[in-house]
Amino acid sequence: MSLLTGNVGRKVLMAVSGLFMVTFVVAHLLGNSTIFVGPDWINAYAEHLKELDLLVWPFRIFMFAMLSIHVFFGITLTLENWGANPDKYAVSRRPRSTFAGRTMIWTGLLLLAFLVFHLLQFTFKITPEVVKVVDAQGRFDVYTMMVAGLRNKMVAAFYVLSMVALFLHTFHGIQSIFQSIGLNNDRTMPKFIMIGKISAVVFLVVFSAIPILILTWVLS
Amino acid sequence: MSEHTAHGTMTLKLIVWRQKGPTEPGRFETYLARNITEHHSFLEMLDVVNEDLINDGKEPIVFDHDCREGICGTCSQVINGLAHGGQTRTTVCQLHMRTFKDGDTIYIEPWRAKAFPILKDLMVDRNALERIIQAGAYTSVNTGAAPDGNSILISKEDADYSMDAAECIGCGACVAACPNGAAMLFTGAKVSQFAALPQGQVEARERVFSMIEVMQKCGFGNCANHYDCQAVCPKDIDVKFIARLNREYLKALVM
Ligand code: HEM
Ligand code: FES
């Protein structure tokens, strides 16, 4: 039973790629949190990241591979699952599954759209409103770029909506990783579910705070 | 008898899936279940309704059943949206009418999954589960003299774990309840029951590979870790056995 075609193998690949992406999200969250301390901090943080120069592209290629695996199998597995359950019940009750779990494909696709926009905006800096200036120390002014970008109500709303999607996706997804790679049993299950829920809430609160604080002029 | 309602009994409205054959279109029909006592099991209630239907010259409702004591796993109905009716650790045959009230409306549907084609009314073809069993849920032993009782020692924990998995009666409720029509709880239980025992080690690798392969070929979906299966399982088979299946698969890959 191959990893690439099998029922269980493809879920393992989804889980492993998902785990790498969640790890990235955690790192990204810690980095972004410097914005709450002040412009100097996030600019300094961005400058430090730049010093990792040689590692940047291999890292990006790796993350792109993870995303591609995850999206490809996410879509194909979902289509298969729909095919395996074509006739719906007239009355259907779901005793244990969650809204978050049953909407993985939709929150996933929204996250994909978000990723494309987010990378164009703040990584490749080619969306129309991007402000590219340097700060007093001559560093690239990430802070000003973020504040200018997220002052737009539509953009900020899209960011918050996407973070709701990330919340739902990880709410189900994080505990799911441990089950899919076989690291779970009846004693660990409640713990993994709890870890997943807490992480999802932290992602939602911290990431959404950035556009919300910018829109309300707390960060300016 | 059907027109009369005996004192102290219940009358219920049943909305039942009727389908003449595998390729015929199905539809819901409404029936009144009269003279039902709280002591009737759900299947006995259907027997009463079927007698009325026969007396009226109509086709009785076809449903699977055999032991009527919760061990054979043939009774297979989704009742008001839940496989086996939603009472914990209960098969349809063990569900009693005391869990319903006079005047209740009850929806009764067959298991629905691509791998379980409907044969007639509430009866589905669950042979796909047999094919998964045939693919590897056995151990090969030489016939001959009976082996010594305690020649292979097994710890209490392992024996209990294996027995917990072996409690599965193969009713298919896990598939019926799964949003993806997956058979992972069933297959997980069958794989785990051998994985925990020394006798299961010899064929461990081929077992997990071929059972997963056949499961996929039969048209079951993929597990997305929703866990609705455990909630409806009449034997409360734990989803830890799905994790065990995944673990056994990964072990087999590197073996
Ligand atoms: C920030 C980006 C993302 C992260 C952190 C992430 C994380 C995860 C995690 C941890 C899982 C659980 C894996 C498992 O069941 O073992 C998962 C499942 C899933 N993801 Fe994502 N994901 C992301 C983006 C996407 C995208 C862009 C899609 C678009 C197709 C997607 C679709 C899915 C689907 C459909 C599942 C459920 C698969 C299943 O259970 O069968 N995800 N994701
Ligand atoms: S008829 Fe045997 S389990 Fe219900």
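Residues numbered from 1 in each chain as written. Chains lettered and ligands numbered in written order. Predicted model: local features only at pLDDT ≥ 70, side-chain atom pairs only at ≥ 80, totals over all residues. Heavy atoms only, no water.

### Some points on the site of ligand 1
All names here are of chain A.
Working step 1: Around ligand 1 sit 23 residues, and of these K11, H70, H169, S176 and S180 come closest.
Working step 2: Within the contact set of ligand 1, a nitrogen atom lies 2.8 Å away from a side-chain nitrogen or oxygen of H169.
Working step 3: S176 is positioned with one of its side-chain polar atoms (N or O) 2.4 Å from an oxygen atom of ligand 1.
Working step 4: Mapped onto the shell around ligand 1, the elements with two or more residues apiece are α1 (7-32), α4 (53-84), α6 (104-123) and α8 (153-180).
Working step 5: Broken down by element, the shell around ligand 1 gets its largest block of residues, 6 residues, from α1.
Working step 6: Here the residues of the shell around ligand 1 are counted per class, giving 12 nonpolar, 10 polar and 1 charged. (Near = heavy atom within 4 Å. Polar contact = N/O pair within 3.5 Å; in protein donor to acceptor, adjacent residues only side chain to side chain. Helix = DSSP H or I, 4+ residues; strand = E, 2+ residues; numbered from the N terminus. Nonpolar A, V, L, I, M, F, W, Y, C, P; charged D, E, K, R; others polar.)

### Here we look at the domain arrangement of chain B
Residue and element names in this part refer to chain B.
Working step 1: As assigned here, chain B comprises domain 1 (3-119) and domain 2 (126-254).
Working step 2: The distance between the C-alpha centroids of domain 1 and domain 2 comes to 30 Å.
Working step 3: Contacts between the two partners involve 19 residues from domain 1, matched on the other side by 19 residues from domain 2.
Working step 4: Of the roughly 1500 Å² buried between domain 1 and domain 2 on both sides combined, carbon and sulfur atoms contribute 59%.
Working step 5: Its largest share of buried area at the contact with domain 2, domain 1 owes to R89, A115 and F116, together 38% of the area lost on that side.
Working step 6: Where domain 1 touches domain 2, the interface holds 1 salt bridge.
Working step 7: Its salt-bridge partner being D64, residue R126 comes within 3.9 Å of it at the nearest N-O pair.
Working step 8: In this assembly, domain 1 and domain 2 are joined by 3 residue pairs in polar contact (both at pLDDT 80 or more). (Domains from an automatic or database assignment. Contact = heavy atoms within 4.5 Å. Buried area = accessible area lost by both parts, 1.4 Å probe. Salt bridge = Lys/Arg side-chain N within 4 Å of Asp/Glu carboxyl O.)

### Focus: the sheet that holds strand β5 (residues 105-109) of chain B
All names here are of chain B.
Working step 1: Read across the sheet, 5 strands follow the order β2-β1-β5-β3-β4 without closing on themselves; strand pairing throughout is mixed. Either end of the sheet is taken by a strand with one partner, and the two such strands are β2 (27-36) and β4 (82-83).
Working step 2: Pairing geometry for strand β3 (residues 78-79) and β5, over 2 bridges, is antiparallel. In the sheet register, I79 faces β5, and the bridge partner there is I108.
Working step 3: Relative to β2, helix α1 (residues 42-55) is tilted by about 100 degrees, and along the sheet it contacts β1 (10-18), β2, β3 and β5. (Pairing = 2+ DSSP bridges. Axes fitted to C-alpha atoms, helices over the stretch in contact; angles between N-to-C directions.)

### Thoughts on the layout of surface pockets
All names here are of chain B.
Working step 1: Empty space within the second largest pocket amounts to approximately 280 Å³.
Working step 2: V141, P147, S151, I152 and Q199 are the residues nearest the centre of the second largest pocket, which is lined by 14 residues in total.
Working step 3: Across the lining of the second largest pocket, the residue classes break down as 5 nonpolar, 7 polar and 2 charged. (1 Å grid on protein atoms, 1.4 Å probe; cavity = no way out; pocket = protein on both sides within 12 Å on 5 of 7 lines; lining within 4 Å. Points joined across faces, edges and corners; volume = space filled by probe spheres on them.)

### Digging into the side chain of E203(B)
Residue and element names in this part refer to chain B.
Working step 1: One can find E203 in the loop between α5 (184-195) and α6 (204-217).
Working step 2: Buried within the structure, E203 lacks any salt-bridge partner; R207 is the closest side chain of opposite charge, at an N-O distance of 4.0 Å.
Working step 3: For E203, the contacting residues outside a window of four places in its chain are Y138, T139 and S140. (Buried < 20%, exposed > 50% of the residue type's maximum accessible area, 1.4 Å probe, protein only. Lys, Arg positive; Asp, Glu negative; His and termini not counted.)

### Quick notes on the interface of chain A and chain B
Working step 1: Each partner contributes to the interface: chain A provides 42 residues, whereas chain B provides 48 residues.
Working step 2: In this assembly, chain A and chain B are joined by 2 salt bridges.
Working step 3: For D228(B), the salt bridge is made with R94(A), and the minimal N-O distance between the two is 3.4 Å.
Working step 4: The tally of links from chain A across to chain B stands at 30 residue pairs in polar contact (both at pLDDT 80 or more).
Working step 5: Taken together, the elements giving at least two residues each to the side of chain A that touches chain B come down to α1, α4, α5 (99-102) and α8 of chain A.
Working step 6: When residues in the side of chain A that touches chain B are grouped by element, the largest group, 6 residues, is from α1(A).
Working step 7: Broken down by class, the residue content of the side of chain A that touches chain B amounts to 13 nonpolar, 19 polar and 10 charged.

### Here we look at the state of the cysteines
Residues and elements named next belong to chain B.
Working step 1: In the structure shown here, the tally under the stated rule is 0 disulfides over all chains.
Working step 2: Free of any disulfide, C178 has its nearest neighbouring cysteine sulfur in C223, separated by 6.7 Å.
Working step 3: C229 forms no disulfide, and the closest cysteine sulfur to it belongs to C174, at a distance of 6.5 Å. (Disulfide = S-S within 2.5 Å.)

### Considering helix α8 (residues 240-254) of chain B
Working step 1: The first and last C-alpha atoms of α8(B) sit 21 Å apart over 15 residues, in line with the 21 Å expected at 1.5 Å per residue.
Working step 2: Among the residues of α8(B), those classed as buried are K240(B), F241(B), I242(B), A243(B), R244(B), L245(B), N246(B), E248(B), Y249(B) and A252(B).
Working step 3: Turning to α8(B), the residues buried within the fold contact α1 and α8 of chain A together with α3 (156-166), α5, α6 and α7 (228-232) of chain B. (Expected span 1.5 Å × (residues − 1).)

### Considerations on the nonpolar core
Nonpolar side chains in soluble globular proteins tend to end up buried together.
Working step 1: L12(B), L14(B), F42(B), M45(B), M97(B), I106(B) and F220(B) are the most contacted members of the largest nonpolar core, which totals 117 residues.
Working step 2: At 8 residues, α8(A) tops the list of elements feeding residues into this core.
Working step 3: When residues are assigned to domains, this core turns out to be shared by domain 1 (3-119) and domain 2 (126-254) of chain B, each giving three or more.
Working step 4: Not counting the four nearest positions on each side in its chain, M97(B) is found in contact with M10(B), L12(B), I36(B), T37(B), E38(B), H40(B), S41(B), F42(B), M45(B) and I106(B). (Core = buried A, V, L, I, M, F, W, Y, C linked by side-chain atoms within 4.5 Å.)

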